[in-house]
Amino acid sequence: MKGKLSTIVVVTVVLSLLVAACAPPTPEKVVETVVVTKVVEKEKPVEVVVTPTPGPEPEVVKIGALYPLSGAGAATGISCRDGVALAVEIINGDYDFDLPLARGKGLPNLGNAQIELSFADHAADPNIGKEEAERLITRENVVALIGPYYSSVADTASTVAERYGIPFVCPDAIAYSLGERGYKWFFRTCASNKVYVEKAYMEMLKDINEKYGLGLKTLGLLNEETLAGKMERDMELALAPEYGYEVVVDITYPEKAPDVSAEVAKIKAANPDVLIQLSYVSDAILFHKQYREQDWLPKVFIVSDAGHSDPAFLEAVGADGNFLLSRVAWAADLAKVKPMIAQVNELFKSRFGREFDERNARSFTGMIVLADAINRAGSTQPEAIRKALLETDIPEKQLITPWGVKFDPATGENILAIDVMAETLDGKWVTVWPFELAPAKIVVPVPSWEER
Amino acid sequence: MPPDTALILGVILSGLLMGGVYALVSGGLSLIWGVLKVVNMAHGSFLMLSMYLVYWIWRLTGLDPLLTIPITVALFFLLGICVQKGIIRHILEASLVNQIFVTFGMWMLMNNLALMLWKADFRTVSNPLVSGGLGIMGVRISFPKLVSFGFSILATCAIWLFLQRTKIGIAIRAVAQDRKAAWLMGIDVDRIYEVSFGLGLATVGLAGSLLANFFSVYPYAGDIFHIFALTIVTLGGFGSISGSFIAGLIIGLAEAVSAFINPALKYFVVFGIFLIILLLKPEGLREAL
Amino acid sequence: MRSYIRVIKRASLRHIGYLAFAMFLGVYPLIFRDPYFLYVMINVLLYAFLGEAWNVIGGYAGQCALGHAAFFGLGAYISSLLFIKLGVSPWPGMLIGALVSGGVSVAIGWPCFRLRGAYFALATIAFAEMVRVLFNHWEFVGGAVGLRLPVLGDSLSAFQFRSYLPYYCIISIFFVLSFLLVWKLSKSKTGFYWKAIKSDPDAAESLGIDTTKYKLISMFISSFLVSMGGTFYSQLVLYVDPTSVLVRDLSVRVALVAIVGGMGTIEGPVLGSFMMILLSSLIRARFGDVPGLHLVIFAIILVVMSIYKPQGMMAILEDIKSWIERRRSLGAA
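Residues numbered from 1 in each chain as written. Chains lettered and ligands numbered in written order. Predicted model: local features only at pLDDT ≥ 70, side-chain atom pairs only at ≥ 80, totals over all residues.

Undergrad: How do you make sense of the overall build of chain A when you look at a structure like this?
TA: Across its full length, chain A carries 13 helices and 14 strands. By the compact-globule yardstick of 22 Å for 452 residues, chain A fits well, its C-alpha radius of gyration being 24 Å. In chain A, which comprises 452 residues, the share counted as buried stands at 58%. Put simply, of all contacts in chain A between residues at least 6 apart along the chain, 67% involve residues at least 24 apart. (Helix = DSSP H or I, 4+ residues; strand = E, 2+ residues; numbered from the N terminus. Rg over C-alpha atoms; globule rule 2.2 N^0.38 Å. Buried ≥ 20, exposed ≤ 12 C-beta atoms within 10 Å, placed from the backbone. Contact = placed C-beta atoms within 7 Å.)

Next up, the structure:
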């Protein structure tokens, strides 16, 4: 009897799988398939499924936002999410700001339709990111995706968006490889690490050397061992010889380490003129305490926004955190020229109890850009939104970031995204470069611990 | 002293001091493991809780972390008794796998509850009493680490003396050796379990007060200490307080020296050393209590 | 023909359960056609497959191995590297990766098996961490950036498909095969020796059973299968990096799936996977916008279950089964 039973079970399984395999594909979504030829030859064209949205203009425009709301990147993820949420609130409401779509409720070209955000937590896992992207697109029927801060998730999630023909606006993931995939539906508003290492760091160092004659020759690289850290390090290593620097110490360390005294000792021993550091918040604070304990500082200290731009860093180290240079997409002091910045910041403070910083300012801007495109498209049809995104040309004056937005049709990158550099002076980030535009004067070299 | 030697000495010293801190966190775990025979996967989360407690006390009253020590030690001792009575009691006889199952669930619960309640932001105590470094003959020593190390040694010695000299301490060791025999001898085993778990968490409370001086507090702050604690306790031989202290020093030193040579691979080296020692001496460095 | 019908009439609940599940596998994609639902179920089946693999060493041979992410990662990386650098199809790549993983597991198992219980568990954790740190730093495998597999659309030889349906079928087949394998093994002499080793290793040794040999066999099979799962994952997500395939979390998840379901049972991992993976996906879909809430809910369920029903879901099912059979016999009497 056992034998017969087993046979029955096995036969059932085989039949079931045959049935499953022959199941017709999902009916609703597939209407037209458009084969797209790519810039990148290695990859075969990804078939794009275009889905027309039937019926009159909707009263609600659904947008999916993917961010890490738990796990490793939760602190930043939640902060970015708040940025996006505030943007939507401003768009939906009637605010007297000099910001696109702030005045008047909702999206005027869509009958004042309101934007509804659908948030998803990807917990920094590319697999979950992919799953949530599927869910947002096929179950929540979002017309566009925004996010996800993590470059690894950006890759898998935007591939899903590319397959469905849904615009994916990325305001905050910096891996330059994302722009090299030849995707049609991927748009990035912020600067990739390739851009900012060269156009911001290296150029600024060049200017400093020319203007202040500090004779900066040696470079120290300190990066956490993550995707962001590694990419930045690769960029720095590649560009250093071009700009005439010798890399005397190159450290990648495992993040969230309990102790970094040995790493700092190593840096101190090499004593580079310039230190470029990329660390997440807790490590940034730890390192800074070590610099104090071991009594060492470089002549020029560049920090990549990741951890140092988080307000928690300055809160923790106080005046010790002065004289750090970082690329910024957010500069509160530019409010003198753009009063709208202060207004938006006040609103953010009253809503979320904290001020804007590097990261959420970018996310906020991404949302504004996306909404502006949907508005100009005058429809929620993905192809229309995509066309509108390609036509985006928002001058810097109208945004809270120090750059405007205009996309390169071949890569989806924002060609205007060149960050400015700010320095922490008196506990505040103050724009100091490019020298011609900056309201404040850069302070270099970094004063030693005794001098402070 | 030539600068390079001073630097290297500084690194070694720092590693040893840090090792003392690790040892403090591990001591409690070792005690729990040795007496209750329970592998507590939530140990790191309790450390995180203690750090949050210290932070909030500081935020609301301005009390320096060091001064919170009596509070955290007492509170966590009581907490330990409650947790033992409420949850741990049920899994004392369970298999290793089940204990991991339960305490892992607790780890997940505590970490994410902290995330929900206090958000993911990194909190730091600014301007604690102990901060900065001292220079002795050119060798830099971290003041917070030195103080923490001091407390760690004190606490370890205190626990050791407690276990060796006091009646309850001897009873604890008896239960650790042979639970049934101890019971037959009239020892109130349940009470011993409560005291032991309480003591285990009390050390974590102390560690929290010390670590808040130089660490940021966030929901996952305890995790890295936890993995180190597991390694140290296994290396030292579970149940042995002196063993975990020595193992703590070894791991701290290994971390510092390998970081100096190649920071990216420091965990590779630390875990490698751990594996090698374990394979050479499977019961750990020292015998149990 | 009639004998077959008789067989079905007299089948035990367990076998009816198998039949029902087999039919469910086939019917699911017909009912839930959305790619999202298919994707969720693919993950569920993947973890059921991994859970079966873990059960071989954890549930049957009784060794609590918490470092299986190392083999998952090895499988993912090896097949991906072979494909990207040498154009080798992931199918043979999967086999190669599995053999390498098996070999490595035996190499690491042999010295580690003299460690008992928690010591062994910690040794496996340490080993997996070492592999992760290594891969995170190794330029050749992409370091922290990882590997990106080129998107090629539908290609059987490249183990890639535009629709999720083929993936679903493949992982279903993997799972069923692992299920049958574990079933056969549990009834075989090897399975018998495993049970002996699990309940009392010293007694087994004294009876002349070469405990080390059989532990190694279980380790090899376990890591071989897990490695296959790694290759499947890399073809599904098309992105491999240390944080997604080599982390401690993954090792624990694989073990938990088997433990929650019921260790040492063939059906356990299925239940465990449904409970853990499916449930967590659903909770995250519903509560994911409040940071941490979905994990808190999940953790509470886990803690409660682990205290009151530590034998896992199978124990709950056994309770239900005995209840049903009691009613049946009462009815018949």
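Undergrad: Would you mind showing me how to read the overall build of chain B here?
TA: Summing up its helical and strand segments, chain B has 11 helices and 2 strands in all. The helix and strand sequence of chain B, counted from the amino end, reads α-α-α-α-β-β-α-α-α-α-α-α-α. Against the compact-globule benchmark of 19 Å for 289 residues, chain B has a radius of gyration of 19 Å, which places it among compact chains. With respect to the principal axes defined by its C-alpha atoms, chain B has extents near 65 × 50 × 35 Å. Split into buried and exposed, the 289 residues of chain B put 60% on the buried side. A separation threshold of at least 6 residues defines the contact pool for chain B, and within that pool the share at least 24 residues apart is 80%.

Undergrad: Any chance you could explain the pairing of strand S13 (residues 420–425) of chain A here in plain terms?
TA: On any regular strand, side chains alternate: one points to one face of the sheet, the next to the other face. All names here are of chain A. Along S13, 5 of the 6 residues are buried, which leaves the element largely enclosed by surrounding structure. One ladder, built from 4 bridges, connects strand S12 (residues 325–328) with S13; its direction is antiparallel. In the strand pairing of S13, Leu325 is matched with Glu423. Of the pairings in the sheet, the one linking S13 to strand S14 (residues 428–433) comprises 5 bridges and is antiparallel in character. Its bridge partner being in S14, Thr424 is matched across the sheet by Trp429. The loop that links S13 with its antiparallel partner S14 comprises 2 residues; one of these, Asp426, has a positive phi angle of about 55°. (Pairing = 2+ DSSP bridges.)

Undergrad: Whenever I open this one, the interface of chain A and chain C confuses me. Can you help?
TA: By convention, interface size is frequently given as the accessible area that disappears when the constituent parts associate. Listed per partner, the contact involves 48 residues of chain A and 52 residues of chain C. Going through the elements one at a time, helix H1 (2–21), helix H2 (74–92), strand S4 (114–121), helix H3 (126–139), helix H4 (151–164) and helix H6 (227–242) of chain A are the ones with two or more residues in the side of chain A that touches chain C. At 12 residues, H1(A) tops the list of elements feeding residues into the side of chain A that touches chain C. For the side of chain A that touches chain C, the per-class residue count stands at 22 nonpolar, 11 polar and 15 charged. (Nonpolar A, V, L, I, M, F, W, Y, C, P; charged D, E, K, R; others polar.)

Undergrad: Which parts of the structure should I look at to understand the interface of chain A and chain B?
TA: Counting residues at the interface gives 31 residues for chain A, matched by 31 residues for chain B. Of all the elements in the fold, those that place two or more residues in the side of chain A that touches chain B are H2, strand S9 (246–253), helix H7 (261–270), helix H8 (281–293) and helix H10 (311–317) of chain A. The element that contributes the greatest number of residues to the side of chain A that touches chain B is H7(A), accounting for 7 residues. Looking at the side of chain A that touches chain B, its residues break down into 14 nonpolar, 6 polar and 11 charged.

Undergrad: Would you mind going over unusual backbone geometry with me for this structure?
TA: As a rule of thumb, non-glycine residues mostly have phi less than zero, and peptide bonds are mostly trans rather than cis. Residue and element names in this part refer to chain A. Looking along the chain, the bond that leaves Gly147 and enters Pro148 is cis, with omega of -15°. Assignment of secondary structure puts Pro148 in the loop between strand S5 (144–146) and H4. Here the bond from Trp433 into Pro434 is cis, since omega is 5°, no more than 30 degrees from zero. Here Phe323, not a glycine, exhibits a phi torsion of approximately 70°, which is positive. Residue classification places Phe323 among the partly exposed residues on the basis of 19 C-beta atoms within 10 Å. You will see that Asp426, though not glycine, has its phi angle at about 55°, which is positive.

Undergrad: When you look at the packing of helix H5 (residues 143–165) of chain B against helix H8 (residues 189–211) of chain B in this model, what are you seeing that I'm missing?
TA: Each pair of packed helices gets described by two things: the angle between the helix axes and the distance between those axes. Residues and elements named next belong to chain B. The interhelical angle for the contact between H5 and H8, taken along N-to-C directions, is 165°, at an axis separation of 10 Å. Our classification of the angle between H5 and H8 gives roughly antiparallel. Like other packed secondary-structure pairs, H5 and H8 cross with a definite hand, here right-handed. On H8, the residues that touch Ser148, Phe151, Ala155 and Ile159 of H5 are Leu199, Thr203, Leu206 and Leu210. Residues of the contact of H5 with H8, tallied by class, amount to 6 nonpolar, 2 polar and no charged. (Axes fitted to C-alpha atoms, helices over the stretch in contact; angles between N-to-C directions. Parallel < 35°, antiparallel > 145°, perpendicular 65-115°, else oblique. Left-handed = near helix turned anticlockwise from the far one by under 90°.)

Undergrad: Would you mind going over the environment of Phe113(C) with me for this structure?
TA: Residues and elements named next belong to chain C. Within the element layout of this structure, Phe113 appears in the loop between helix H5 (90–112) and helix H6 (117–137). Phe113 gets classed as partly exposed once you count the C-beta atoms within 10 Å, which come to 19. In the structure, Phe113 is positioned 210 residues away from Trp323 in sequence and 41 Å away in space, judged by C-alpha atoms. Residue contacts for Phe113: discarding those within four places in its chain leaves Thr212 and Lys215.

Undergrad: Help me understand the sheet that holds strand S6 (residues 168–170) of chain A, please; the structure alone is not making it clear to me.
TA: Strand pairs in the sheet, formed through backbone hydrogen bonds, run parallel or antiparallel to each other. Residues and elements named next belong to chain A. In space, the 5 strands of this open sheet follow the order S4-S3-S5-S6-S7, with parallel pairing throughout. The two strands at the open ends of the sheet, each matched to only one other strand, are S4 and strand S7 (186–188). Between one strand and the next, the sheet's axes are offset by a mean angle of 25°, whatever the strand orientation. In the packing of H4 onto the sheet, contacts are made with strand S3 (60–67), S5, S6 and S7, and the angle to S6 comes to roughly 155°. Packed on one face of the sheet, helix H12 (residues 358–377) meets S3, S4, S5 and S6 and runs near 165° to S5.

Undergrad: Got a minute to help me understand the nonpolar core in this structure?
TA: Among soluble globular proteins, nonpolar side chains are generally buried collectively. Residues Leu145(A), Met51(B) and Ile42(C) are the most contacted members of the largest nonpolar core, which totals 374 residues. Ranked by residues supplied to this core, first place goes to helix H3 (residues 35–60) of chain C with 19 residues. Non-local contacts of Met51(B), meaning those with residues more than four positions away in its chain, are made with Gly208(B), Leu211(B), Ala212(B), Phe215(B), Val217(B) and Ala221(B). (Core = buried A, V, L, I, M, F, W, Y, C linked by C-beta atoms within 7 Å.)

Undergrad: Sorry, what's going on with the environment of Pro35(C) here?
TA: The residue Pro35(C) is located in helix H3 in this model. Between the C-alpha atom of Pro35(C) and that of Met219(C), which follows or precedes it by 184 residues, the distance is 35 Å.

Undergrad: Please explain the domain arrangement of chain A as it appears in this structure.
TA: All names here are of chain A. When its domains are assigned, chain A resolves into domain 1 (58–191 + 337–398) and domain 2 (194–328 + 420–433). Centre-to-centre, using C-alpha coordinates, domain 1 lies 29 Å away from domain 2. Contacts between domain 1 and domain 2 engage 12 residues on the former and 12 residues on the latter. When contributions to the side of domain 1 that touches domain 2 are tallied by element, the ones reaching two or more residues are H4 and H12. Tallied by class, residues from the side of domain 1 that touches domain 2 come to 5 nonpolar, 2 polar and 5 charged. (Domains from an automatic or database assignment.)

Undergrad: Where do I start with the sheet that holds strand S11 (residues 300–304) of chain A in this structure?
TA: All names here are of chain A. Strands sit in the order S9-S8-S10-S11-S12-S13-S14 across an open sheet of 7 strands; the sheet is mixed. The open sheet has two edge strands, S9 and S14, and neither has a second partner. Along the sheet, successive strands turn relative to each other by an average axial angle of 25°, direction set aside. Note that strand S8 (residues 218–224) and strand S10 (residues 274–278) share 5 bridges and pair parallel. Counted as the bridge partner of Gly220 is Leu275 from S10.

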